[in-house]
Amino acid sequence: MTRTERVFITGASSGIGAALAREYAARGATLGLLARRRDHLVALAASLPHPERHHIYAVDVLDRDGLAAAAHDFLATNGGADVVIASAGISHGTLTDRAADLAVFDAVFATNVNATVATFAPFIPAMRRQATPCRLVGIGSVAGVRGMRGAGAYCASKAAVHSYCEALRLELRATNIRVVTIAPGYIDTPMTSKNRFPMPFLMPADRFAAHAAAVIAHGDSYRVLPWQMGVVAKLLRLLPNFVFDRLFARAPTKQRQGEA
């Protein structure tokens, strides 16, 4: 008998996290769904196949003790975990010369970077003891490839996720744990709906989740989705700074927190 896959997802109440939950539930997985909003988690779990299998944790990812307790409960209840996806993230435009935005920098890094580390940490000891392959999945972004004006906090935080996952991949290379970094381009979610600029190759969240699940199962170290944005990301990385600066110095900026 094939064992049910055990998948733990943060940021599960909406956007990419919820889409991944739907994808894995359709594949028959047992889910741990963590996010701040209990009502959203309850509604999501009830809408999934086999709702009795799934566990909900109404926890803020900034609550490290609460996050660790949820991880240990999921491990104990299900005898382990096969896939852990750190999907929680926030995005706001920021300008360094605006004093109010310094707190936004702190919040973006705390949620996008520090919470990714805190999500993985309690699972690693148990995963090391498992005989079967496991996956730790960091959700980066194409925004982490180059810094964009007005998005310093978000771009820098996602670049940090990429580098952190790369370092962790080396640390765990000799184990049964594979670290997968997925860098979404523009995915149709409530987060991107606030963007006030064109979003090329905008991808439906459920289609993204299907592709992401295949990448995770394969154990790829790094993948940009959709693939067209992967090409764009490579070209951006290759641009000399003087060309990049000339092209993007007047690009529209992300919406700052509190802006209409």
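Above this text sits the structure in question.
A brief look at the structure comes next. (Residues numbered from 1 in each chain as written. Predicted model: local features only at pLDDT ≥ 70, side-chain atom pairs only at ≥ 80, totals over all residues. Heavy atoms only, no water.)

## Brief notes about the overall build of the protein chain
Okay, so step 1: Scanning the protein chain from N- to C-terminus turns up nine helices and nine strands.
Okay, so step 2: Computed over its C-alpha atoms, the radius of gyration of the protein chain comes to 18 Å, within 12% of the 18 Å expected for a compact globule of 260 residues.
Okay, so step 3: For the protein chain, the spread of C-alpha atoms along the principal axes amounts to about 60 × 40 × 30 Å.
Okay, so step 4: Each of the 260 residues in the protein chain was classed as buried or not, and the buried ones make up 50%.
Okay, so step 5: Considering only contacts within the protein chain whose residues lie at least 6 apart along the sequence, 69% involve residues at least 24 apart.
Okay, so step 6: For the protein chain, the exposed area adds up to about 12,600 Å²; of that, 56% sits on carbon and sulfur atoms.
Okay, so step 7: Taken together, the 29 basic and 19 acidic charged side chains of the protein chain have centroids lying 6 Å from each other. (Helix = DSSP H or I, 4+ residues; strand = E, 2+ residues; numbered from the N terminus. Rg over C-alpha atoms; globule rule 2.2 N^0.38 Å. Buried < 20%, exposed > 50% of the residue type's maximum accessible area, 1.4 Å probe, protein only. Contact = heavy atoms within 4.5 Å. Areas by Shrake-Rupley, 256 points an atom, 1.4 Å probe, with all protein chains shown as cover. Lys, Arg positive; Asp, Glu negative; His and termini not counted. Charge placed at Lys NZ, Arg CZ, Asp CG, Glu CD.)

## Section: the pattern of salt bridges
For side chains bearing opposite charge, pairing can occur when the charged atoms are close.
Okay, so step 1: For the coordinates displayed, the defined rule picks out seven salt bridges.
Okay, so step 2: For R6, the salt bridge identified is with D82, shortest N-O distance 3.0 Å. You can see R6 sitting in strand β1 (residues 6-10) and its partner D82 sitting in the loop between α3 (64-78) and β4 (83-86), a full 76 residues away along the chain.
Okay, so step 3: Judged by relative accessible area, which is 9%, R6 ranks as buried. (Salt bridge = Lys/Arg side-chain N within 4 Å of Asp/Glu carboxyl O.)

## Some words on helix α8 (residues 227-238)
Okay, so step 1: Taking 1.5 Å of rise per residue, 12 residues should cover 16 Å, and α8 covers 17 Å from first to last C-alpha, within 8% of that figure.
Okay, so step 2: Listing the buried residues of α8 in full gives M229, G230, A233 and L236. The arc that holds the buried residues of α8, viewed along the axis, is 125 degrees, so those residues lie on one side. What points out from α8, more than 90 degrees from its buried face, is the exposed set W227, K234, L235 and L238. (Expected span 1.5 Å × (residues − 1). Arc of directions from axis to C-beta.)

## Let's talk about the state of the cysteines
Okay, so step 1: Throughout the structure, instances matching the rule amount to zero disulfides.
Okay, so step 2: The thiol of C155 is unpaired, and the distance to the nearest cysteine sulfur, on C165, comes to 17 Å.
Okay, so step 3: For C155, a relative accessible area of 5% corresponds to the buried category. (Disulfide = S-S within 2.5 Å.)

## A look at the sheet that holds strand β3 (residues 55-58)
Okay, so step 1: Pairing within the open sheet is parallel, and its seven strands lie in the order β3-β2-β1-β4-β5-β6-β9. The sheet is open, and its two edges are formed by β3 and β9 (222-225), each paired on a single side. Pairwise comparison of adjacent strand axes, ignoring direction, gives a mean angle of 15 degrees for this sheet.
Okay, so step 2: Relative to β3, strand β2 (residues 30-35) runs parallel, the two being bridged by four bridges. Of the residues in β3, the one forming a bridge with L34 is Y57.
Okay, so step 3: Lying on the sheet, α3 is in contact with β1, β2 and β3; it crosses β1 at an angle near 165 degrees.
Okay, so step 4: Those strands touched by helix α7 (residues 205-218) are β4, β5 (134-139), β6 (177-184) and β9, and its axis lies near 150 degrees from that of β6. (Pairing = 2+ DSSP bridges. Axes fitted to C-alpha atoms, helices over the stretch in contact; angles between N-to-C directions.)

## A closer look at the packing of aromatic side chains
Okay, so step 1: With the rule as written, the count across this model stands at five aromatic pairs.
Okay, so step 2: Ring centres of F8 and Y57 lie 6.0 Å apart, and the angle between their planes is 40 degrees; on these two criteria the pair is classed as tilted. With F8 in strand β1 and Y57 in strand β3, this pair connects stretches of sequence that are 49 residues apart.
Okay, so step 3: Judged by relative accessible area, which is 0%, F8 ranks as buried.
Okay, so step 4: Aromatic rings pair up to connect F8, Y57, F74 and F123 into one cluster.
Okay, so step 5: Here the basic side chain of R146 rests over the ring of F244, its NZ or CZ set 4.1 Å away from the ring centre. (Phe/Tyr/Trp six-rings, centres within 6.5 Å; stacked < 30°, edge-to-face > 60°. Lys NZ or Arg CZ within 6 Å of the ring centre and 35° of its normal.)

## Structural notes on the nonpolar core
Okay, so step 1: Y24, L31, L33, I85 and I182 are the most contacted members of the largest nonpolar core, which has 34 residues in total.
Okay, so step 2: Of all the secondary structure elements, the ones that give two or more residues to this core are β1, α1 (15-26), β2, α2 (38-47), β4, β5, β6 and α7.
Okay, so step 3: Residues V59, A71, F120 and L136 belong to the second largest nonpolar core, which totals 30 residues. (Core = buried A, V, L, I, M, F, W, Y, C linked by side-chain atoms within 4.5 Å.)

## Some details on α1
Okay, so step 1: Here α1 spans 17 Å end to end across 12 residues, near enough to the 16 Å set by a 1.5 Å rise per residue.
Okay, so step 2: Every buried residue of α1 is accounted for by G15, I16, G17, A18, A19, L20, A21, E23, Y24 and A25.

## Side note on the packing of α1 against α7
Okay, so step 1: Orientation of α1 relative to α7, taken along the N-to-C sense of each, is 65 degrees, at an axis distance of 8 Å. Seen from above, α1 lies across α7 with right-handed handedness. Residue-level contacts link I16, A19, L20, R22, E23 and Y24 of α1 to A205, D206, F208, A209, A210, A212, A213 and I216 of α7. (Left-handed = near helix turned anticlockwise from the far one by under 90°.)

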